[in-house]
Amino acid sequence: MLPLTSQIDVAVETIRRRWDGRPRVGIILGTGLGGFADEIERERIVGYDEIPHFARCTAPGHRGRLVCGRAAGVSLVAMDGRLHRYEGYSLQQITLPVRVMRALGIELLIVASASGGLNPAFASGDLLVIEDHINLLGDNPLVGIDDDGTGPHWRALSQPYDRTLVERALQIARRENIVAHRGVYVAVCGPNYETRAEYRFLRAIGADAVGMSTVPEVIVAVHAGLRVLALSAITNLGLSDAPSPIDSQHVVEAARMAEPKMRKIVLGILAAVEPRGQAEKLIRG
């Protein structure tokens, strides 16, 4: 297998032959924001099956393509479908697209997901603006040979989510009368949902919501020097005494209902992105 830096170079070269844009922002359209692809003024769509070393999406509702274009006047590239550990992929495979988007030029990564609420103050349909996370995947995407070409091996994760973007997202939510909370997301492998004892444990260690994604991509984004905003749609309540019924169809439907709220926040963030010539100040205000 090619070294990671070589895989990135080959993937970027393939995309560049199809699209010559210079994206400022990358977006992972996970469950909860898949319809955002319709907001993008599309310049090119590249299927994952066209890109060397990209894995194939198998999760429901994940189409597996890069949508390249503009939204709110900002050049961006969006992953219309993400990869998960429960699909059998390594964390290095899952996060390769983030490294490729970084090599294409992005400075900001926006990550969307769906999750189960652990905080009793949450309700189905609320949004979570993630301000910290707990990694219970049993692995880390940075494990492996130290490669200076991808970022410093010992990157600190004391502040993985950009504070300015967290505050901006909550400000937009208040303006739009959207119920949004700040909190801690815990990533587990899945694909099964949690037991009542696991809900109690996850809440006890400080998690406000539980999901099966996001954390690997964020670790790699921080490793690559990107600013990160992560949003999650609360699709059900994982309360240990009275967990709400849950299956994959329910998650997809609940996330679809929450999507217009998440879309407003993402568009609000994009509207505040400065032109590339002012890169030292990515977000105005």
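These notes cover the structure that comes with them. (Residues numbered from 1 in each chain as written. Predicted model: local features only at pLDDT ≥ 70, side-chain atom pairs only at ≥ 80, totals over all residues. Heavy atoms only, no water.)

Over its 14 residues, helix H2 (residues 91-104) runs 21 Å from end to end, which matches the ideal 20 Å to within 8%, given 1.5 Å per residue. For H2, the principal kink sits at proline 97 and spans about 30°. Burial of H2 is extensive: ten of the 14 residues sit out of reach of the surface. If you check which residues of H2 are buried, you get Leu91, Ile94, Thr95, Leu96, Pro97, Val98, Arg99, Val100, Met101 and Leu104. The inward-facing, buried residues of H2 contact helix H1 (4-16), strand S1 (25-28), strand S4 (74-80), strand S5 (108-117) and helix H5 (215-223). Among the residues trailing H2, glycine 105 stands out with phi positive, at a value near 125°. (Helix = DSSP H or I, 4+ residues; strand = E, 2+ residues; numbered from the N terminus. Expected span 1.5 Å × (residues − 1). Bend = angle between axes of the 7 residues up to and from the residue. Buried < 20%, exposed > 50% of the residue type's maximum accessible area, 1.4 Å probe, protein only. Contact = heavy atoms within 4.5 Å.)

All chains considered together, the criterion is met by one aromatic pair. Taking 5.5 Å as the distance between ring centres and 65° as the angle between the ring planes, the aromatic pair formed by tyrosine 48 and phenylalanine 54 counts as edge-to-face. Exposure class is identical for tyrosine 48 and phenylalanine 54. Each is buried. (Phe/Tyr/Trp six-rings, centres within 6.5 Å; stacked < 30°, edge-to-face > 60°.)

Let us look at empty space enclosed by the protein. Leftover empty space is mapped by rolling, across the atoms, a probe with the size of a water molecule. On inspection of all chains with the given rule, the structure shows one cavity of 30 Å³ or more. Here the largest cavity is characterised by a volume of approximately 40 Å³. Lining the largest cavity, in full, are Leu83, His84, Arg85, Leu91, Ile94, Leu137, Met212, Ser213, Pro216 and Glu217. Looking at side-chain class alone, the lining of the largest cavity contains six nonpolar, two polar and two charged residues. (1 Å grid on protein atoms, 1.4 Å probe; cavity = no way out; pocket = protein on both sides within 12 Å on 5 of 7 lines; lining within 4 Å. Points joined across faces, edges and corners; volume = space filled by probe spheres on them. Nonpolar A, V, L, I, M, F, W, Y, C, P; charged D, E, K, R; others polar.)

This part covers the packing of H2 against H5. A pair of packed helices can be characterised by two numbers: the angle between their axes and the separation between those axes. Where H2 contacts H5, the two axes come as close as 9 Å, and the packing angle between them is 50°. As summarised for this structure, H2 and H5 are arranged oblique, according to the angle between their axes. Taken as a pair, H2 and H5 cross one another with a handedness that is right-handed. Note on element contacts: H5 touches H2 through Pro216, Glu217, Val220, Ala221 and His223, opposite Leu91, Ile94, Thr95, Val98 and Arg99. Residues belonging to the contact of H2 with H5 are distributed by class as follows: six nonpolar, two polar and two charged. (Axes fitted to C-alpha atoms, helices over the stretch in contact; angles between N-to-C directions. Parallel < 35°, antiparallel > 145°, perpendicular 65-115°, else oblique. Left-handed = near helix turned anticlockwise from the far one by under 90°.)

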